[in-house]
Amino acid sequence: MIILVINSGSSSLKYQVRDGEDILAEGLVERIGEAEVPDHAAALDRVDREVAEALGDRAIDAVGHRVVHGGERFSEPVLIDNEITRAIERLNPLAPLHNPAAVTGIRAITRKWPDLPQVAVFDTAFHRTLPEYAWRYALPDELYRRHGIRRYGFHGTSHAYVARGAAGLLGVEAFTGVIAHLGNGASVTAVRDGMSVDTSMGFTPLEGLVMGSRSGDVDPSILLFLLREGYSEQELNELLNRNSGLKGLTGTNDMRSVTEAAESGDATARTAIDVASYRLAKYVGGYHVAVEGAQALVFTAGIGENAGAFRSAVVARLGALGLELDEKRNAERSRDARVISSTASAFPVLVVPTDEEAAIAEATAAVVNGP
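Conventions we followed
Residues numbered from 1 in each chain as written. Predicted model: local features only at pLDDT ≥ 70, side-chain atom pairs only at ≥ 80, totals over all residues. Heavy atoms only, no water. Pairing = 2+ DSSP bridges. Helix = DSSP H or I, 4+ residues; strand = E, 2+ residues; numbered from the N terminus. Core = buried A, V, L, I, M, F, W, Y, C linked by side-chain atoms within 4.5 Å. Buried < 20%, exposed > 50% of the residue type's maximum accessible area, 1.4 Å probe, protein only. Domains from an automatic or database assignment. Contact = heavy atoms within 4.5 Å. Salt bridge = Lys/Arg side-chain N within 4 Å of Asp/Glu carboxyl O. UniProt positions renumbered as here; feature names shortened; annotations may be inferred.

## Thoughts on the sheet that holds strand 12 (residues 349-351)
A sheet is described by the order of its strands in space; here six strands give the open sequence 9-8-7-10-12-11, paired in mixed fashion. The open sheet has two free edges, formed respectively by strand 9 (195-199) and strand 11 (338-339), since each of these has just one partner strand. The pairing of strand 7 (residues 177-182) with strand 10 (residues 296-300) spans five bridges and is parallel. Across the sheet, Val 178 pairs through a bridge with Leu 297, a residue of strand 10.

## Some remarks on the nonpolar core
Core analysis: the largest hydrophobic core is formed by 59 residues, its most contacted members being Ile 88, Leu 182, Leu 280, Leu 297, Phe 299 and Phe 310. By residue number, the principal contributor to this core is helix 11 (residues 267-290), which donates nine residues. Lining this core are residues from two domains, each supplying at least three of them: domain 1 (2-122) and domain 2 (156-351). Once you skip the residues sitting within four places of it in the chain, Leu 280 turns out to touch Ala 180, Leu 182, Val 188, Leu 209, Phe 299, Phe 310 and Val 314. Residues Val 29, Val 51, Leu 55 and Ala 108 belong to the second largest nonpolar core, which totals 21 residues.

## So, the pattern of salt bridges
Throughout the structure, instances matching the rule amount to 24 salt bridges. Of the charged contacts in the structure, one is a salt bridge between Arg 150 and Glu 72, with a shortest N-O distance of 2.8 Å. A residue pair is termed long-range when its members are at least 10 positions apart, and Arg 150 in the loop between helix 5 (141-147) and helix 6 (156-170) and Glu 72 in the loop between strand 4 (62-67) and strand 5 (78-79) qualify at 78 residues.

## Focus: the sheet that holds strand 4
Pairing within the open sheet is mixed, and its six strands lie in the order 3-2-1-4-6-5. Only two strands of the sheet have a single partner each, and these edge strands are strand 3 (22-30) and strand 5. Bridge count between strand 5 and strand 6 (residues 118-122): two bridges; the pairing is antiparallel. Considered in strand 6, the bridge of Val 78 is made with Ala 120.

## Things to note about the UniProt feature "site: Transition state stabilizer" (unreviewed entry) in the protein
UniProt tags His 155 and Arg 214 as "site: Transition state stabilizer" (unreviewed entry). Along the chain, the position of His 155 falls in the loop between helix 5 and helix 6. For His 155, a relative accessible area of 11% translates into the label buried. The contact partners of His 155, leaving out residues within four places of it in the chain, are Asp 123, His 127, His 181, Gly 185, Ala 186, Ser 187 and Met 201. Assignment of secondary structure puts Arg 214 in the loop between strand 9 and helix 7 (221-228). In this structure Arg 214 comes out as partly exposed when scored by relative accessible area, which is 22%.

## Thoughts on the domain arrangement of the protein
Per the domain assignment, the segments making up the protein are domain 1 (2-122) and domain 2 (156-351). A separation of 29 Å is found between the C-alpha centroids of domain 1 and domain 2.

Here it is in structure tokens:
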């Protein structure tokens, strides 16, 4: 099947056309809402022209959408109809930066290609297997019942894809271990027998690890203090989501720049690496317990796949677990899944590249083709 994978943002539309493992076309339409591209319908017109040029006489068979939030309802990909679209829209308050854009993309494609099957693939779905003791916050139950305040987890499409890849590399039927998805957004997941049992992101993608511009875990009382000091809701949102993390500590959210500065002796950059690697190592240790003994620690996504120095900083803090890298393997640059630990390591450390577009295309084909 030829699948068009759509990742709709509020002012951008990223797409990829796949036929199995083959990428036939891909691109990004930006500045949606400005004069040149007034709306998502105009963005799709551009995508249509670019895809038609790439496909020639061939046609798209189905569309797969990345949808960030599926709430408690969606635990697997679903074929989209009007009721599903409205259900995704009702989740807008839980993902106000992402779900509205996904709904806009779905409706734009429905108007343009009304007979084309569309499938929603949810970032939260993989984490629907979290036990209640992992997803509950210690807050009054009314907040959960009335407002849905609980831990949902994100990056699930990537974590599920990488868990399958790790299982294949290890030669096991189902993976048990810890996956660190490290990009500008970052999360770590405990996987037992192929299922998510805990994850670092919570009610929103802000919880957990130190990220490019997000703070990760902070004492909630800091927010109360800043409110009393005169900060507005919007200022707190900007602070925590756009001006914290590596950017807050160093002035840049680019891990490559931070690593280079640290290697050149910049004390501020060194501190940032220490803070981020320590936070991740704490989660890895906890999740080793959560899965009752990991088969492997897996690094993935942009930083996880490419930043050997940061991987080394993390694993150096995990000596108590018996982990040890082979520094030559760790320094290699490759797009292949591979083992980077030494033979003396208590269990393997892996790099498994993620491919969320491939995962969405696979899920879309499976839903459209049926069981």
